[in-house]
Amino acid sequence: EAVGLYNLGQSCCLNSLLQVFLMNIRFTRILRRITVPPSPAQRRSNVPYQMLLLLEKMQCGKCKAVGPTDLACCLSEHRVKLFVQHDAAQLFLTLWNLLKKQMKKPELVKELSDLYTICIQEHLACQKCSFEIKSNSTMLTLPLPVLDANSHRLKTLEESLQYFFHPEELTGQNMCFCQQCGRKTTFLQSMKLVHLPQTLTLHLKRFCFERSSRTHKLSHSLPFPQELDLREVLTENQCLADDSEKATWQYELFAVVAHSGSTSCGHYCAYIRSLTECKWYCFNDSEVCQVSWDDVKCTYGHSNLFWRETAYLLFYMRKHPQ
């Protein structure tokens, strides 16, 4: 049975992300093989170990909900503030970095990276000569815009993905120095997808900064599919992968971390599809209930109802794992 997590005081963001981690069977397989720290002090400050204890507490207990107190205290030792509102994308990165740093076995670190890490190649090409720069980088999430450069709303997740990989001309103040031309010139910047992990995390950039330095939430509808095939979404020019790599780019939606409320006062919950039952559940702190796909679709967003639940992080699971 799905088990909830008590809210310790503005810990809804942490609770939602913990449920997404611990409902992922591929992640818990890695977690169960960690090295247990030798001393009590090391165990108290070890995030993977405290997460494992929480998992066992959730699986072995008869309670409808448990308190993640020990894990929260452990995180506070690593400068993760308690009793404050967090941004789910930032906290997800913080948790993942702590997990990776404290997993001592190299093979587990590699498995964790394989499970979540996206590989991108950034390509810069001078428009005056043949000079170009290519560099590979890894990302935990794809930060997808929900507006284009002219502040027009992107209408679907597929459109948002296409826009993220669309080439951009760097002109005016954004011009780059060309070593071959010996001066600043117009460059064409493009991103190419090299490798996708077993669990693909997409970050919908719904919080934007205005000129007044205030943060504004973009709540318009942006539908996302249950099944996502990146081969059908991206063009050949937006990919840098062979056919065997592209064959693994078929995904099924696994979880949605949704935000309700405004930027100054909000709440997070998680919709997660059980990999064993293939049923959707809503994890709202200590309350857990089974829901339908129509309930999940309510997180698409709505222009005039910004306080309603709006999808913020999307987690897709590879359909045919190697």
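- In the nomenclature of an unreviewed UniProt entry, the chain corresponds to UBP18 hydrolase from the organism Pycnonotus jocosus.

Considerations on the overall build of the chain
- Check the secondary structure of the chain and you find 11 helices and 18 strands.
- If one aligns the C-alpha atoms of the chain with their principal axes, the spans along those axes are about 65 × 50 × 40 Å.
- The burial tally for the chain puts 49% of its 322 residues in the buried class.
- Considering only intrachain contacts with a sequence separation of at least 6, the fraction spanning at least 24 residues in the chain is 66%.

Concerning unusual backbone geometry
- In the Ramachandran plot, Arg 79 falls in the positive-phi region, its phi being about 65° despite a non-glycine side chain.
- With respect to the helices, strands and loops of the structure, Arg 79 is situated in the loop between helix H5 (69–77) and helix H6 (88–102).
- Residue Arg 79 is classed as exposed on the basis of its relative accessible area, which comes to 81%.
- A positive phi is found at Asp 285, a non-glycine position, where the angle reads about 55°.
- Take Asp 285: it is sitting in the loop between strand E16 (280–284) and strand E17 (287–291).

A closer look at the sheet that holds strand E6 (residues 168–170)
- Across the sheet, 4 strands lie side by side as E4-E3-E9-E6; this open sheet has antiparallel pairing. The strands lining the two open edges of the sheet, one partner per strand, are strand E4 (132–139) and E6. Direction aside, the axes of adjacent strands within the sheet are offset by 30° on average.

Notes on the domain arrangement of the chain
- Here the domain parsing of the chain yields domain 1 (1–117) and domain 2 (141–165 + 199–321).
- Each of domain 1 and domain 2 has a C-alpha centre, and these two points are 22 Å apart.
- Each side of the interface is counted separately: domain 1 has 28 residues, and domain 2 has 30 residues.
- Summed over both partners, the interface of domain 1 with domain 2 buries about 2,200 Å², with 66% contributed by carbon and sulfur atoms.
- Interface area lost by domain 1 to domain 2 is led by Val 20, Met 23 and Arg 26, which between them contribute 24%.
- Viewed at the interface, domain 2 and domain 1 are joined by 0 salt bridges.
- Remark: the boundary between domain 1 and domain 2 carries 9 residue pairs in polar contact (both at pLDDT 80 or more).

Observations regarding the pattern of salt bridges
- Evaluated as defined, the whole model comprises 7 salt bridges.
- Asp 114 is the salt-bridge partner of Lys 110, the closest N and O atoms lying 2.8 Å from each other. With a gap of 4 residues between them, Lys 110 and Asp 114 both fall in helix H7 (residues 106–116), about one helical turn apart.
- As a salt-bridge pair, Asp 294 and Lys 297 come within 3.6 Å of each other at their nearest N and O atoms. Taken as a pair, Asp 294 and Lys 297 lie in helix H11 (residues 293–297) at a separation of 3 residues, close to a single helical turn.

Remarks on the pairing of E16
- The buried count for E16 comes to 4 of 5 residues, which makes it a mostly enclosed element.
- As defined by bridge partners, strand E15 (residues 266–273) adjoins E16 across 4 bridges and the pair is classed as antiparallel. Among the inter-strand pairings, Tyr 271 is bridged to a residue of E16, identified as Cys 282.
- Hairpin remark: E15 followed by E16, antiparallel, with 6 residues in the connecting loop; positive phi at Cys 278, about 60°.
- From the end of E16 to the start of E17, which pair antiparallel, there are 2 residues, and Asp 285 there has a positive phi angle of about 55°.

A closer look at the state of the cysteines
- In this structure the tally under the stated criterion is 0 disulfides.
- The thiol of Cys 74 is not disulfide-bonded; the next cysteine sulfur, from Cys 73, is found 8.8 Å away.

A short note on the nonpolar core
- The biggest cluster of nonpolar side chains holds 53 residues, and the ones touching the most others in it are Phe 27, Tyr 116, Val 257 and Leu 313.
- Counting 40 residues, the second-largest nonpolar core is a separate cluster that includes Ile 120, Leu 161, Leu 222 and Tyr 251.

Cut-offs used in this document
- Residues numbered from 1 in each chain as written.
- Predicted model: local features only at pLDDT ≥ 70, side-chain atom pairs only at ≥ 80, totals over all residues.
- Heavy atoms only, no water.
- Helix = DSSP H or I, 4+ residues; strand = E, 2+ residues; numbered from the N terminus.
- Buried < 20%, exposed > 50% of the residue type's maximum accessible area, 1.4 Å probe, protein only.
- Contact = heavy atoms within 4.5 Å.
- Pairing = 2+ DSSP bridges.
- Axes fitted to C-alpha atoms, helices over the stretch in contact; angles between N-to-C directions.
- Domains from an automatic or database assignment.
- Buried area = accessible area lost by both parts, 1.4 Å probe.
- Salt bridge = Lys/Arg side-chain N within 4 Å of Asp/Glu carboxyl O.
- Polar contact = N/O pair within 3.5 Å; in protein donor to acceptor, adjacent residues only side chain to side chain.
- Disulfide = S-S within 2.5 Å.
- Core = buried A, V, L, I, M, F, W, Y, C linked by side-chain atoms within 4.5 Å.

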